[in-house]
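One letter stands for each residue in the lines below.
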Amino acid sequence: MRFISFNVNSIKAYLGKNLTEQWQKYHPDVFSMEELKLTEKEHKDFPFQMEGYTPYWTVSKVKKGYAGVAVLTKPQPVKVMYGLEGGKYDDEGRVIIADYGKFYFIELYVPNSGENPTPKEKPKRLPYRLVFEEDLRNELVKLKKEKPIILTGDLNVAHEEIDLKNPDSNHNSAGFTDEERDAFSKLLSLGFVDTFRLLHPNEAKYSYWSYRFHAREKNAGWRLDYFVVSEELKDKVKASEILNDCYGSDHCPILLDIDL
C-alpha cells in the first residue's frame, strides 16, 4: 500500500493554486491531510474530492479556520474514530483513527507549542502539548495490543539535530524543545519506528519551511512530518520519502510504501 500525508495549510487556499497533480502522480491508496482550516459549518461539504476515494474528516469546533485533519481512502476501513479515547481533542479536529482490520491508521495534527513569551522562556502552549503527547502514548499502548499501527501527520517536532537546519539557535523553539523531543523518544520506545530515519539514517531532509526569509529557497527547514509504524511492520517498509518536488504549502507531502 502507498500512503501520502500532507499538511496543506488551508485546503481552500491549496486547491486554489491548482497544484494537486504534483502528488496525485504518486497514486496513493490513502491520502491524509493536516491543517484543513475549515469551519464547522463546512463539515458536511468537504471541498476536495478524488474519484475512487472516500473522504473522512474532522474540523475544529472551538476556533474558526483552525487545525482539522482528513483521510481520503480507496480501501474502506472497518471503522473510523475521531479524536483519542472518548473523542478527546476532536474539539480541535486533531485525530482520525481508521481501523482497516489488519492494522490501525492514525492521522494526527499534533498541537504546536506556540510562541515563546520571552527568549528564555518555554513556548506558552508547551504544557498542553505535553498532555496531548501523554494521552497519545496511552492510546497507542491500548491500540497496539490489538493490531499493528501506522501513524502519520504533522507531529510538530524535529526529533534530532539532523532534523532541522539550525539546531543551535532553536533549542528553546516550539518543535525543538527538550521536552518535545523527549516525548517523541518516549513514543518510539513503546515499540515504534520512524520510517524515514530507518531508511535514511544520515540524510538531512526537511518537510517544512517558514514562509519568512526565503527559507525554502535556502532550504532552512525542519522535518516535522512523519510516518511511524509498529516495530513488527518495520521490515515491511519499502520506501519512506519526503516529496520536496511538491509545492503549495509551507510543508511538503511525505510518502510511505509498505507491503501489508
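Please read these numbers as outputs of a predicted model, since none were measured by experiment. (Residues numbered from 1 in each chain as written. Predicted model: local features only at pLDDT ≥ 70, side-chain atom pairs only at ≥ 80, totals over all residues. Heavy atoms only, no water.)

Enquirer: Give a detailed account of the overall build of the protein, specifying residues and quantitative values.
Expert: On a plain count of helices and strands, the protein comes out with six helices and 12 strands. What you see for the protein is a C-alpha radius of gyration of 17 Å, in line with the 18 Å of a compact globule of 260 residues. Burial statistics for the protein: of 260 residues in total, 57% are counted as buried. For the protein, the proportion of contacts with a sequence separation of at least 24, taken over those separated by at least 6, is 70%. Surface accessibility of the protein: about 11,600 Å² in total, with carbon and sulfur atoms responsible for 49%. Across the protein, 37 positive and 42 negative side-chain charges occur, with their mean positions spaced 2 Å apart. (Helix = DSSP H or I, 4+ residues; strand = E, 2+ residues; numbered from the N terminus. Rg over C-alpha atoms; globule rule 2.2 N^0.38 Å. Buried < 20%, exposed > 50% of the residue type's maximum accessible area, 1.4 Å probe, protein only. Contact = heavy atoms within 4.5 Å. Areas by Shrake-Rupley, 256 points an atom, 1.4 Å probe, with all protein chains shown as cover. Lys, Arg positive; Asp, Glu negative; His and termini not counted. Charge placed at Lys NZ, Arg CZ, Asp CG, Glu CD.)

Enquirer: Residue-level account of the sheet that holds strand β5 (residues 79-82), with values.
Expert: The six strands are arranged β5-β6-β7-β8-β10-β9 in an open sheet whose pairing can be described as mixed. Edge strands, defined here as strands with exactly one partner in the open sheet, are β5 and β9 (192-194). On average, adjacent strands in this sheet sit at an angle of 15° to one another, irrespective of strand direction. For β5 and strand β6 (residues 95-99), the ladder comprises four bridges, and the chain directions are antiparallel. For Val80, the partnering residue across the bridge sits in β6 and is Ala98. (Pairing = 2+ DSSP bridges. Axes fitted to C-alpha atoms, helices over the stretch in contact; angles between N-to-C directions.)

Enquirer: Just give me the short version of the environment of Glu35, but keep the residues and values in it.
Expert: With respect to the secondary-structure elements, Glu35 resides in the loop between β2 (30-34) and β3 (54-58). A C-alpha to C-alpha distance of 23 Å links Glu35 and Asn170, two positions 135 residues apart in sequence. Dropping the residues within four chain positions of it, Glu35 is found in contact with Asn7, Val8, Asn9, Ser10, Ile11, Ala67, Gly68 and Tyr109. A distance of 3.0 Å separates the side chain of Glu35 from the side chain of Asn7, its partner in a polar contact. (Polar contact = N/O pair within 3.5 Å; in protein donor to acceptor, adjacent residues only side chain to side chain.)

Enquirer: Explain the environment of Gly101 to me, and be specific about the residues and the numbers.
Expert: By the element assignment, Gly101 lies in the loop between β6 and β7 (104-109). Once residues within four sequence positions are removed from consideration, Gly101 is found in contact with Val78 and Lys147.

Enquirer: Give a detailed account of the packing of helix α3 (residues 126-144) against helix α4 (residues 178-189), specifying residues and quantitative values.
Expert: Angle between the axes and distance between the axes: these two values describe a pair of packed helices. Between α3 and α4, the least distance of the axes is 10 Å, while the angle of their chain directions is 0°. Viewed along their axes, α3 and α4 adopt a mutual orientation that is roughly parallel. Between α3 and α4, the contacting residues are Leu126, Arg129, Leu130, Glu133, Leu136, Arg137 and Leu140 on the first element and Glu179, Glu180, Ala183, Lys186 and Leu187 on the second. For the contact of α3 with α4, the per-class residue count stands at six nonpolar, no polar and six charged. (Parallel < 35°, antiparallel > 145°, perpendicular 65-115°, else oblique. Nonpolar A, V, L, I, M, F, W, Y, C, P; charged D, E, K, R; others polar.)

Enquirer: Account for the packing of aromatic side chains, with residues named and values stated.
Expert: Taken as a whole and judged by the stated rule, the model has 12 aromatic pairs. Between the aromatic rings of Phe6 and Tyr14, the centroid separation amounts to 5.3 Å while the plane-to-plane angle is 85°, which identifies the pairing as edge-to-face. For Phe6, a relative accessible area of 0% puts it in the buried group. Taking the centre distance of 5.1 Å and the plane angle of 15° together, the rings of Tyr100 and Phe103 count as stacked. Judged on exposure class, the residue Tyr100 and its partner Phe103 are both buried. Of the aromatic side chains, those joined through ring pairs into one cluster are Phe3, Tyr100, Phe103, Phe105 and Phe227. A cation over a ring is seen here: Lys144 above Phe192, with NZ or CZ 5.8 Å from the ring centre. (Phe/Tyr/Trp six-rings, centres within 6.5 Å; stacked < 30°, edge-to-face > 60°. Lys NZ or Arg CZ within 6 Å of the ring centre and 35° of its normal.)

Enquirer: Help me get a handle on the nonpolar core, residues and values and all.
Expert: By size, the foremost hydrophobic cluster in this structure holds 27 residues, and its most contacted members are Phe3, Phe105, Ile150, Val229, Leu256 and Ile258. Secondary-structure elements contributing two or more residues to this core are β4 (69-73), β6, β7, β10 (225-230), β11 (237-242) and β12 (254-258). Broken down by element, the residue count for this core peaks at three residues, all from β12. With near-sequence residues (within four places) excluded, Phe3 lies in contact with Val30, Phe103, Phe105, Ile150, Phe227, Ile254, Leu255, Leu256, Ile258 and Leu260. Counting 23 residues, the second-largest nonpolar core is a separate cluster that includes Tyr53, Ala239, Cys246 and Leu255. (Core = buried A, V, L, I, M, F, W, Y, C linked by side-chain atoms within 4.5 Å.)

Enquirer: A description of α3 should follow, citing residues and the corresponding values.
Expert: For α3, spanning 19 residues, the distance from its first C-alpha to its last is 26 Å, which sits close to the expected 27 Å at 1.5 Å a residue. All buried positions along α3 are accounted for by Leu126, Arg129, Phe132, Glu133, Asp135, Leu136, Arg137, Glu139, Leu140 and Leu143. Those residues of α3 that are buried lie in contact with β6, β7, β8 (149-154), α4 and β9. (Expected span 1.5 Å × (residues − 1).)

Enquirer: Outline the environment of Leu143, listing residues and values.
Expert: One can find Leu143 in helix α3. Residue Leu143 is classed as buried on the basis of its relative accessible area of 8%.

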